[in-house]
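# Chain and residue survey
So you can see what is in the structure, the chains are spelled out below.
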Amino acid sequence: MEQRNQTPISEFILLGLSEEGELQPLLLWLFLSMYLVTFSGNLLIILAIVMDSSLHMPMYFFLSNLSFVDICFTTTTIPKMLWNIQTQSKVITYAGCLSQIYFFMLLAGLDNFLLTVMAYDRFVAICHPLHYMVIMNPKFCGILLLVSWLLSVLNSLLQDLMVLQLSFCTQLEIPHFFCDLNQVIQLACSDTFFNNLAIYLASGLLGFIPLIGIFSSYSRILTSILKISSSGGKYKAFSTCGSHLLVVSLFYGTGFGVYLSSAASQNSRTTAIASVMYMVVTPMLNPFIYGLRNRDIKLALKKLFS
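Being a predicted model, the structure only gives us computed values, none of them experimental.

### Concerning the nonpolar core
Nonpolar side chains tend to gather and get buried jointly when the protein is soluble and globular. If you look at the biggest cluster of nonpolar residues, it comprises 88 residues, and the most contacted ones within it are Phe12, Phe31, Leu63, Phe168 and Val184. The biggest single contributor to this core is helix H3 (residues 94–127), with 20 residues. Setting aside its immediate chain neighbours within four residues, Phe12 contacts Lys90, Val91, Ile92, Tyr94, Cys97, Phe168, Leu172, Ile174, Val184 and Leu187.

Written out as structure tokens, the structure reads:
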């Protein structure tokens, strides 16, 4: 056990994706480009939905919220990473690190819940089309969104408060491009049993339960689609949820990829590189998936530009 640092810490060191100097300009322009594409693409989705009254429906209400969350999700980490590369500084303040942990947990949780709610929305639309507008009324949609926010806020606040109770050693280097909760906990000199327990419980309750809900919704959707006699009807039914299913696959696929890479490799830098797919690439691809596959969104974007 390392000797504890008796004085309150003021900062951490983010080692980033690479310490090679010649790669820094490439990383700067690569991540700046991806961030701008993510920001502008999701902003266009929001504007298209807000400006087109024909898209004022539950499905697009949740999609606009998902786009907003994706903008905030990347903004939590990427601008600080770009600033550190540009200024050749690796420092993040203690308060800034706690803020990153809080907003990362909050927005990742919101992504998770919104995808679950959108799966339920598609289940109601396909399996109970005659009662869709009755079930998915504005009040119920507002309640679903409010519950998603409350659960995410409570979880991220709990994780942040528990980090505040930790004492840290003199080794304060984080082998990542942002303040990852697991990496920060590993730097602590004090007992981290309850921190790890909170992470496992939150992953089980707020991660796997929504995933079970998504699987349940799509298993019923698949059963309903198979009962449709005409091939045209099957295609139309599947096309309404194809974009969402692809986004869900990307979100959970990259998330599990990060988990497996951290479990299989002792190299934290490998985990950091894998997390780029989860934190940057997936939010960047979401507008393209909905914009290219969804006819209503394509029409709304054409109206917006015209």
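Here the narrative resumes, following the displayed structure.
### Re the layout of surface pockets
Remark: the empty space left among the atoms is shown by a probe the size of a water molecule rolled over them. Looking at the second largest pocket, its volume works out to about 670 Å³. Arg122, Lys236, Ser239, Thr240 and Asp296 are, among the 18 residues lining the second largest pocket, the residues nearest its centre. Broken down by secondary-structure element, the contributors of at least two residues to the lining of the second largest pocket are helix H2 (58–87), H3, helix H8 (231–264) and helix H10 (295–305). Of the residues assigned to the lining of the second largest pocket, the class counts are nine nonpolar, four polar and five charged.

### Quick word on the packing of H3 against helix H7 (residues 193–226)
Two numbers describe how H3 lies on H7: the axes approach to 9 Å, and their chain directions differ by 20°. Regarding the angle of H3 to H7, the classification is roughly parallel. Of the two possible hands of crossing, H3 and H7 adopt the one that is left-handed. For the pair H3 and H7, contact is made by Asn112, Phe113, Leu115, Thr116, Ala119, Tyr120, Arg122, Phe123, Ile126 and Cys127 and by Leu206, Gly207, Pro210, Ile214, Ser217, Tyr218, Arg220, Ile221, Ser224 and Ile225, respectively. Of the residues contributing to the contact of H3 with H7, the split by class is 13 nonpolar, five polar and two charged.

### Quick notes on the state of the cysteines
Across all of its chains, the model carries two disulfides by this definition. The disulfide partner of Cys97 is Cys179, and the S-S distance across this bridge is 2.1 Å. The chirality of the disulfide connecting Cys97 with Cys179 is left-handed, given an S-S dihedral of about -125°. Separated by 82 residues along the polypeptide, Cys97 in helix H3 and Cys179 in the loop between strand S3 (173–174) and helix H6 (181–186) bring together distant segments of the chain. The pair formed by Cys97 and Cys179 is uniform in burial state, with each residue classed as buried. Of note for the protein: the bonded cysteines, numbered N- to C-terminal, pair according to 1-3, 2-4. The thiol sulfur of Cys72 is not disulfide-bonded, and the nearest other cysteine sulfur, from Cys179, lies at 19 Å. The exposure class of Cys72 is partly exposed, given its relative accessible area of 23%.

### Brief notes about the sheet that holds S3
Ordered in space as S2-S1-S3, the three strands form an open sheet in which the pairing is mixed. The open sheet terminates on both sides in strands that have one partner only, identified here as strand S2 (91–93) and S3.

### Structural notes on the side chain of Ser243
Looking at where Ser243 falls in the secondary structure, it is placed in helix H8. Judged by relative accessible area, Ser243 falls into the buried class, the value being 5%. Ignoring sequence-local partners within four residues, the contact set of Ser243 consists of Ile289, Tyr290, Arg293 and Asn294.

### Considering the packing of aromatic side chains
Considering all chains together, one arrives at 17 aromatic pairs under this definition. Taking 6.2 Å as the distance between ring centres and 50° as the angle between the ring planes, the aromatic pair formed by Tyr35 and Phe39 counts as tilted. Residue Tyr35 and its partner Phe39 are both found in helix H1 (residues 24–51); the two are separated by four residues, about one turn of the helix. With a relative accessible area of 13%, Tyr35 lands in the buried category. Using a relative accessible area of 34% as the deciding quantity, one classes Phe39 as partly exposed. Relative to Tyr278, the ring of Phe251 has its centre 5.5 Å away and its plane inclined at 40°; by these criteria the two rings are tilted. Pair noted here: Phe251 is in helix H8 and Tyr278 is in helix H9 (residues 268–293), with a separation of 27 residues, a long-range link. One exposure class covers both Phe251 and Tyr278, and it is buried. Following the ring pairs from residue to residue traces out a cluster consisting of Phe31, Phe73, Phe104, Phe177, Phe178, Phe251, Tyr252 and Tyr278.

Rules behind the numbers
Residues numbered from 1 in each chain as written. Predicted model: local features only at pLDDT ≥ 70, side-chain atom pairs only at ≥ 80, totals over all residues. Heavy atoms only, no water. Core = buried A, V, L, I, M, F, W, Y, C linked by side-chain atoms within 4.5 Å. Buried < 20%, exposed > 50% of the residue type's maximum accessible area, 1.4 Å probe, protein only. Helix = DSSP H or I, 4+ residues; strand = E, 2+ residues; numbered from the N terminus. Contact = heavy atoms within 4.5 Å. 1 Å grid on protein atoms, 1.4 Å probe; cavity = no way out; pocket = protein on both sides within 12 Å on 5 of 7 lines; lining within 4 Å. Points joined across faces, edges and corners; volume = space filled by probe spheres on them. Nonpolar A, V, L, I, M, F, W, Y, C, P; charged D, E, K, R; others polar. Axes fitted to C-alpha atoms, helices over the stretch in contact; angles between N-to-C directions. Parallel < 35°, antiparallel > 145°, perpendicular 65-115°, else oblique. Left-handed = near helix turned anticlockwise from the far one by under 90°. Disulfide = S-S within 2.5 Å. Pairing = 2+ DSSP bridges. Phe/Tyr/Trp six-rings, centres within 6.5 Å; stacked < 30°, edge-to-face > 60°.

Limitation: the analysis is restricted to geometry and does not speak to function.
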